[in-house]
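Single-letter residue listing:
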Amino acid sequence: MATQVTDARQAVVEVRGLTKKFGGLVAVNRLDFSLRPAEILGLIGPNGSGKSTALKLVMGIEHPTTGSVRLDGIETAGLPAHRIARMGVALVFQHSRPLERQTVHENIMLGLLPDSLFKLRISREIRERARDIATQVGLSAVLERRPSTLPFADLRRLELAKAIARDPRVILIDEPFAGLTMAEAAVFSELFAGFRRDGKAVLLVDHNVKSVAALVDRVIALCLGEKIAEGTATEVMADETVRRVYLGGSIETAARPESSFADREKPLLDVQDLSVFYSKAQALEKVSLHVHQREFVSVVGINGAGKTTLFNAICGLLPYQGNILWQGAPLARVPPARIVRNGVAQCTETRDLFGEMSVRENLDLGGQHQSKAIANDRLAWLFDLFPILKSRQRQNAATLSGGEQQMLAIARALMTNPRLLILDEPTLGLAPIVLEQLSKALESLRQTTEITVLLGEQNVTFALPHADRVYVLDHARITWEGGPDRFAREAGSGYL
Amino acid sequence: MIPATMRTPRFLVVAVIIAIAALLPLGVSGYILGLLTVAYYFGVFSMSWDLLFGFANEVNFGPTFLVGLGAYTAGILDNRYGLPISVCVALGTVAAVVGGLVLALPALRLSGPYFGLTTLVAVLLLQNLVVVFAGLTGGEIGLTVPDVISISGSVNYWIALAFMVASGSVLYVLSRSAAGLILQASGQDKIQAGVLGFNVVKHKLFAFVVSALFSGLAGALLVFYLGTASVGTLIDITVGVQIIIAAILGGRRTIIGAAIGAIFLIAMTEALRSTGELATFVVSAITLLVVMLFPNGFMGILSWRRR
């Protein structure tokens, strides 16, 4: 077979049985893969699948619980990052964190310096070499500028330049194209292909196959820390398990038509032409959406699409352009605490529990603004909804499992008696069995209460069954809107 | 050949100021010379502190732990064993460096605010040790040091000035060097610095050792100028706070600013002495205003004007 010829080449990185546990959470589970010289390997998986952890384990930023990482046959598991870096591994971070007081030139030179306490002069060779690297990645025109004055794509170039400066044999790249325009992405692709021509081994970590398909030789797909597929980009995209993870299997949907909601004319929440910028990068571009009283709306999009930004803007945590109307009145300049008391509760992606407080204390904090009687009623109702929380009342929130923490976060938000509950990626990193429990709880909310839910998800399997309507958020824009029954047919293919 | 850094206008300004400072004993009262002598040693304390805070990004709440180790070791050796001043000063410096290492080695492995808290506790420990072993250290009354470097106010002044200029030059060059660049990277983002192949703990530890070296040396020299060592002037937390305020007032990450801040603080306190208790209040208020309006301190104001 043709593939055997490539397999015969000596792998430069050999990962065997790699496992990483954070407390009770298994982030990476018995992962095997190898990376050969002059190869680009894609490591893909949805949020919480363990791909970033795997990247950190190879680099030595995190240390594996068990398993082995070999670099040219030498075991590196447990070594600190700077030792692994000196063995020829470089990492390009997704977020650039340059030295702000130094110029671009000096930032690149940093990558060329030896790890010495007594080297005071920066030699002419280092200056020249840094200049050459800047030319290579297209930074020569901004060499003497400070990083804070650079556009976003140039900051990514600077990260790349620092990695090139290390002259690594292995380059790990986290979300290579995040935040770049098509044209910029094409330039970066060419640079990565250049690494391959130079015989370097490249590992690209990204959310979906599509974004790296044109570039990679092989793809490994992860889900919940485990490898679910491996092969060429086409093979992985056609894989049944991958399709189920990304698109959901046959999904039962039970949408209520939009015309059935009483506030058809004046929706409960009305977002109009919302735009948000993070200094250089545009996080939301003229996003419009609305949610009716009692409606369940899902916003579907991969990591970085802008979901969290959208929710934070609604909650008044970010400056924005455009309008957000709550029951017809604009929310701009209303302080976040007032927005919460007006009936908007958000369960953030990170859950933001008070880890050192007990389950009960977390819930009581949510009920602070209610009278004692109402708070007790709600508590009883929530213990009904999430029975596990009742038995865990005295336990510290930090000691709960991931699923229990998510339930507690939702329960705490519900304690504020909100009219709108915003759930940001509630399924992040949760096992299928827990998803089922969450599903049941959401269904119960939909059947028995007046509450409105705005759900942000990249897990379509979870997002669709609970939705009356679905929006697709892609690269800061709403690209599709419709009923969940039409999603797989009309929007599914663009989502793999 | 003159290096490029010595031809910049900033270097010329500093050179002229130092030249004027060197000529001061010709026309200034002994009292003011005495104040400036102390201020110059404080300048070295603050500059050493800025290397840690400004570059290694570690808040050392215990600069006086290092100063006190140097000062008391030198003082005790002179008082009890009558060793020559140069030996006392050298051993005092060694004590500060060793003490700094013993403190920093475990503390740098802690993350977040715990490094700072550890250094704070170290000061309290040293302060208590001095009081407990009063027989050796003079306790709360203080330690008398029989020898002095010189009885001439001018000579003492020139020694302090030369010492400050030399220390400042070493610290400044170090902070601008290749190693200083790595130290800044380690301070700002230790994960990224590690990925670039730098041993972050090693670089921070080195910065701590350098800081301890100059703090201890300055402390030891100051003892032989003052002729006494006491907890209130060398170790107490409030002294440490003064050192920190001076560095922030002068401008973080500038080294030179720290010395300017220290001289300013001592000069202001003296100028307002006639107002009695109000002096401390006014100086504190000015400090607060500068820090709030110009977080980058005096040096920040200078570069802001130029823009």
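Computed from a predicted structure; not experimentally measured.

> Which parts of the structure should I look at to understand the overall build of chain B?
In terms of regular secondary structure, chain B is built from 15 helices and two strands. Relative to the compact-globule value of 19 Å for 307 residues, chain B shows a C-alpha radius of gyration of 19 Å, a close match. If one aligns the C-alpha atoms of chain B with their principal axes, the spans along those axes are about 50 × 45 × 45 Å. Out of the 307 residues in chain B, the part that is buried amounts to 49%. The long-range fraction of contacts in chain B, counting pairs at least 24 apart against all pairs at least 6 apart in sequence, stands at 75%.

> Explain the sheet that holds strand β4 (residues 66–71) of chain A here, please?
Consider a sheet: its strands pair through backbone hydrogen bonds, and that pairing is either parallel or antiparallel. Residues and elements named next belong to chain A. Spatially, β2-β1-β4-β5 is the arrangement adopted by the four strands of the open sheet, whose pairing is antiparallel. Either end of the sheet is taken by a strand with one partner, and the two such strands are β2 (25–35) and β5 (74–75). Across seven bridges, the pairing between strand β1 (residues 13–22) and β2 is antiparallel. Residue pairing for β2: L18 is matched across the bridge by L31.

> I tried to follow the packing of helix α4 (residues 104–112) of chain A against helix α5 (residues 124–137) of chain A on my own but got confused; where do I start?
How two helices sit against one another is set out by the angle between their axes and by the gap between those axes. Residues and elements named next belong to chain A. In the contact formed by α4 and α5, the axes pass within 9 Å of each other and the chain directions differ by 110°. Our classification of the angle between α4 and α5 gives roughly perpendicular. In the crossing of α4 with α5, the sense of the turn from one axis to the other is right-handed. Between α4 and α5, the residues in contact are V104, H105, I108, M109 and L112 and I126, R127, R129, A130, I133 and A134, respectively. In terms of residue class, the contact of α4 with α5 is built from eight nonpolar, one polar and two charged.

> Sorry if this is basic, but what is going on with the nonpolar core here?
In a soluble, globular protein the nonpolar side chains are often hidden away together inside. If you look at the biggest cluster of nonpolar residues, it comprises 233 residues, and the most contacted ones within it are A:A161, A:L172, A:A411 and A:I422. For this core, the leading source of residues is helix α10 (residues 200–226) of chain B, giving 17 residues. Counting the residues that make up this core, at least three belong to each of domain 1 (2–247) and domain 2 (258–495) of chain A. Beyond its immediate stretch of four places on either side in the chain, A:L172 contacts A:L55, A:V58, A:M59, A:V89, A:L91 and A:L203.

> What exactly am I supposed to notice about α4(A) here?
Because each turn of an α-helix spans 3.6 residues, side chains separated by three or four positions in sequence point in the same direction. Of all nine residues that make up α4(A), eight are buried, and the element is covered over most of its length. Within α4(A) the residues assigned to the buried category are A:V104, A:E106, A:N107, A:I108, A:M109, A:L110, A:G111 and A:L112. Taken together, the buried residues of α4(A) touch α5 and α6 (152–165) of chain A together with α8 (178–188) of chain B.

Calculation notes
- Residues numbered from 1 in each chain as written.
- Chains lettered and ligands numbered in written order.
- Predicted model: local features only at pLDDT ≥ 70, side-chain atom pairs only at ≥ 80, totals over all residues.
- Helix = DSSP H or I, 4+ residues; strand = E, 2+ residues; numbered from the N terminus.
- Rg over C-alpha atoms; globule rule 2.2 N^0.38 Å.
- Buried ≥ 20, exposed ≤ 12 C-beta atoms within 10 Å, placed from the backbone.
- Contact = placed C-beta atoms within 7 Å.
- Pairing = 2+ DSSP bridges.
- Axes fitted to C-alpha atoms, helices over the stretch in contact; angles between N-to-C directions.
- Parallel < 35°, antiparallel > 145°, perpendicular 65-115°, else oblique.
- Left-handed = near helix turned anticlockwise from the far one by under 90°.
- Nonpolar A, V, L, I, M, F, W, Y, C, P; charged D, E, K, R; others polar.
- Core = buried A, V, L, I, M, F, W, Y, C linked by C-beta atoms within 7 Å.
- Domains from an automatic or database assignment.

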